[in-house]
Structure formats: C-alpha cells, structure tokens
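Residue-level structure breakdown
The lines below spell out each chain.
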Amino acid sequence: MIPTLVLVGRPNVGKSTLFNRLTKTRDALVADQPGLTRDRHYGVGRVGSRDYLVVDTAGFDPVAKDGIMHEMARQAEQAIAEADVLLFMVDGRNGLTPHDQEIANRLRRVDRPVFLVVNKGEGMNRAVVGAEFHALGLGAPLVISAAHGDGVHPLLDEVFEVLPPETPEPEGDAPGPRVAIVGRPNVGKSTLINTLLGEERVIAFDMPGTTRDAISIPFSRNGREYKLIDTAGLRRRGKVFEAVEKFSVIKTLQAIEQANVVVLVLDASQDVSDQDAHIAGFVLETGRALVLAINKWDSVDDYRREQIKNDVARKLPFLSFARSHYVSALKSQGIGAVLNSVDRAYAAAMAKLSTPKLTRLLQEAVVKQAPPKVRMFRPKMRYAHQGGSNPPIIVIHGTGLEGIPASYTRYLERCFMEAFKLQGTPLRIQFRSSTNPYSDRK
Ligand SMILES: Nc1nc2c(ncn2[C@@H]2O[C@H](COP(=O)(O)OP(=O)(O)OP(=O)(O)O)[C@@H](O)[C@H]2O)c(=O)[nH]1
Ligand SMILES: Nc1nc2c(ncn2[C@@H]2O[C@H](COP(=O)(O)OP(=O)(O)OP(=O)(O)O)[C@@H](O)[C@H]2O)c(=O)[nH]1
C-alpha cells in the first residue's frame, strides 16, 4: 500500500511549499491538461522507486471548536489518524511558539512516527536553528529549507527508513484486473459494489478482523475475473456488503494507486463538484485506466440527463479518453457495459506496443505535422519505444526535444491512441534528448 505522509504545522511555516516540492516529481509526468485543477491538499510523489501520498493539513487548529476551522480540524484529524508518518513543520526563523507547543501536545499522543521538521533553515547554522525545538520532545529536529530544497532528500531518506519496505503486489493470488470503485460520498458506490458482488459469485472473502490494509475481493462475472479493491473496509452482512468506515480521501487515493482500472462514479442528480474533479484529476495523475459510471440514471428526467452530460463534458474535459456509462446501481442497469469497458480499458492499459510500429507511427505523425521550432532549431525525433504499462509510456528519442510544447505532445498522444486503438487509458509520452547531436547517429 502506498505510504501516506501528512504535513502538520501552524499557518505560514511552509507546508504548502514543502507539499509542492514533495509532489513535483510526479506532476511533471502529466502534460498540461486543459481544465485540470489539482487538489492542493493531496498529491503523489516519488523518490527513487518509491511512491508516496502527501497530505497538507493546511489550517489545522487543534483548539478550534466550531465553524470552518473546526471542520478543517476534523479533516486534519482524519488525515492524522490515517497517516503512516507525520511531518510536523515549524518555522526556524520565527522560533518556537505556543501554537507549536499545542500541536506538539496533540502529536505526542499519536502512535505513528513523527518527524520534527524545522523549515526556512537556508543559510543558517543547523544546530543553532534546531536547538530550541528539542524542547518539544519530538526527537531531533531536522532542519530543511522547503523553498530551496535543502535537506528534503535526507528527510525523505529518514522517512523511508521507518516505513516498512515495499511489499510487492500480491500477484498470482487471483487473475484479472484490480478495479477500484471511487467517488465522493453518496454517489452510490456501496450500492454499485453490492450490485456487482451481491449477484455474482464472490470467490473468496476475508471475514471481519482481518488486516487493516487488505484487501481485494475477487469475483467473476460472465466467466471473467476481477479483483475489487476495498476502499472502505467492506464487511459482509448476510447478502450485502457494508462499509465499516466512512468516506476517506486518503483511502480513495490509495485505492486508485493500487488499481489497474478505476471506475469513477458520479451522481446524475447532482452537478459535477470540485470534489469529483479532484478525484478525477488524481486518477489522471496516477495514469490509471478509467471508466465513468454516471449513476442514478433512473432518478432523472431527459432534461436533467442532457444537463449532466454537458456538465461532465465541460468540467471534466481531461477525461475524454474514458468511456462513460449511464447506469442505475440500484436497479442493476448498465452494469454489464461498465465491466465490458473495464476489460477494454485494462487491455489498452496493458497493451504491448512494438518498437518498429511506434517508430513508424512517430515518423508518419511528424510528416503530417512537424514539431514547432524551438529558438532556431527544429526538434528531431528519431525513434520510439515502450517504456512502461498502466499507463502505457512511450519514450521518444531524438535531439532538441526539451522545448516541445504540451499541445504537440497531445497531438502525438492522439496519433498513438488512434493507431493502437487505446481506449480507456491515458498515455504518457517522455522525451529523451541526447545532448550531443551526433551521439545517436550510428
Ligand atoms: N525563507 C524561507 N521562506 C520559506 C521557506 N518555505 C516557505 N517559505 C515562505 O513562508 C511563507 C509561508 O509558506 P507556505 O508554504 O504558504 O506556508 P503554509 O504552512 O502552507 O501556510 P498555510 O497555507 O497558511 O498553512 C511563504 O511566504 C513562503 O515563501 C523556506 O524554506 N525558507
Ligand atoms: N435512484 C437511485 N438511487 C441510488 C442509486 N444508487 C444509489 N442510490 C442511493 O444513493 C444513496 C447513497 O448510496 P450509497 O451506495 O450509500 O453511496 P456511497 O457512494 O457508497 O456513499 P458513502 O458510503 O457515503 O461514500 C442511497 O440512498 C442509495 O439508495 C441509483 O442507481 N438510483
């Protein structure tokens, strides 16, 4: 399971600066997508081969009793409860404040590793800056500069030191794609899961009391196998499944990370909300294959149906690669079609793209439309090969590729998607430029 790092600290200590730095690595993989707004509080990052989730609990105030501050505190509490590691940030220039003390008191009761991170330490003597924070009783202060990046890698090294080593995917246990059913509260996820699992043969199911970070539930339908990733701690009660935990953004994001294919459930009776858009944006960032299920179709009239179709197209334009289905989880309508699209999206996500075909398509695409000149030079693309699956990654080699605009990258994406008929998965293009223009002339 992807580990979760949660940033806490009073306002202005530099949490969002560190958040941006910790999530920059993976962001860079997603070409600028029109309409995509990122959730500034949840992100993914990678160091070496390890992925992690980062949560910024901006505005966390442990003493707020009501109002918006109270609501934010509640969310921060949930994040703290679900964290694998807490990064408690303080401001090395401002020194220790009573507010820091309060947060420290709260964090001392947490049974998870807490790292005391002293920010804004650039150009200062680390031992001196850190000294007064020893008094917080949260271990040795780690002095960093989030703005400049100093000390951030050593911090991550220490974090990964205390985390359990990466467990390989439990492959081989059951065949078929891992599917995550996600969406904001009340859109009908549990109903959909019950429709899927209730009717179908559930091959095996772990009963209560099993591990916290289980579990995928294998099931089969029409002779095909799937593994449903459990986002809410499902428990079987009689014939139906019940979620033991309430909606959790962190669990949702972890499920997306673990999935091969995500089914994003939207509620046809409601407009697309920021929360829908943020979950959708996260799916795109992780590169998972995607199917849209617009649920509660039974409850809306024709006028509303047109409205919601337009709303989805307008607010989630970056999901146009995914197939949409209009379903009723309650009445079990349209569910088979969703699973057919899951199969297709999975096949596309895992497609094998041959080097000769990729290179030929690349050359054809360039002939049809050459990349724009960057300063004086026209980028030269020589060949392409596949660099990964789920999402398929196409690596293009050549010279002068650094300045290729996102719009041209999207043009190439479209060419490849059409030629290989890749429906339901995003595609990533990476450029490898040789600095020496002669080096790859054989
Ligand atoms: N000198 C210095 N300033 C920094 C550093 N990191 C952040 N800052 C500055 O500190 C201020 C607050 O940074 P933010 O990242 O917005 O702080 P925050 O903790 O997210 O604040 P809230 O969103 O209010 O919770 C900004 O003006 C940053 O430019 C650093 O490493 N050194
Ligand atoms: N009319 C109609 N109602 C539905 C449909 N699917 C779900 N509902 C209703 O929507 C409500 C929420 O459904 P849930 O399945 O609990 O939604 P959820 O997304 O799991 O909600 P959380 O557990 O809060 O995340 C319930 O009252 C369902 O009966 C549908 O296809 N049509």
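Please read all numbers here as calculations on a predicted model, not as lab measurements.

What counts, and where the lines are drawn
Residues numbered from 1 in each chain as written. Chains lettered and ligands numbered in written order. Predicted model: local features only at pLDDT ≥ 70, side-chain atom pairs only at ≥ 80, totals over all residues. Pairing = 2+ DSSP bridges. Helix = DSSP H or I, 4+ residues; strand = E, 2+ residues; numbered from the N terminus. Axes fitted to C-alpha atoms, helices over the stretch in contact; angles between N-to-C directions. Near = placed C-beta within 6 Å. Nonpolar A, V, L, I, M, F, W, Y, C, P; charged D, E, K, R; others polar. Buried ≥ 20, exposed ≤ 12 C-beta atoms within 10 Å, placed from the backbone. Contact = placed C-beta atoms within 7 Å. Domains from an automatic or database assignment.

Spatially, S16-S17-S18 is the arrangement adopted by the three strands of the open sheet, whose pairing is mixed. The sheet is open, and its two edges are formed by strand S16 (380–388) and strand S18 (428–433), each paired on a single side. Neighbour-to-neighbour, the strand axes of this sheet turn through a mean angle of 25 degrees, independent of strand direction. Looking at chain direction, S16 and strand S17 (residues 393–399) are connected through seven bridges and run antiparallel. Across the sheet, Tyr-383 pairs through a bridge with His-397, a residue of S17.

Bringing the site of ligand 2 into the picture now. Around ligand 2, the structure places 17 residues, and the nearest of them are Gly-188, Lys-189, Ser-190, Thr-191 and Leu-330. If you tally residues by element for the shell around ligand 2, the top one is helix H6 (residues 189–199), at three residues. Here the shell around ligand 2 is built from residues that sort into six nonpolar, eight polar and three charged.

Let us look at helix H7 (residues 249–258). Extensive coverage of H7 is indicated by the burial of seven of its 10 residues. Among the residues of H7, those classed as buried are Val-249, Lys-251, Thr-252, Leu-253, Gln-254, Ala-255 and Ile-256. For H7, the secondary structure elements touched by its buried residues are strand S2 (42–47), strand S3 (50–56), strand S7 (178–182), strand S10 (224–229), strand S13 (261–267) and helix H8 (274–286).

Here the chain is partitioned into domain 1 (4–162), domain 2 (178–349) and domain 3 (355–433). Each side of the interface is counted separately: domain 2 has 14 residues, and domain 3 has 10 residues. The element best represented in the side of domain 2 that touches domain 3 is helix H10 (residues 335–349), accounting for five residues. For the side of domain 2 that touches domain 3, the per-class residue count stands at nine nonpolar, three polar and two charged.

In this section: the sheet that holds S3. The strand order S2-S3-S1-S4-S5-S6 describes an open sheet built from six strands, whose pairing is mixed. The open sheet has two edge strands, S2 and strand S6 (142–143), and neither has a second partner. Where strand S5 (residues 114–119) meets S6, two bridges bridge the pair, whose relative direction is parallel. Following the sheet pairing, Val-118 is matched in S6 by Val-143.

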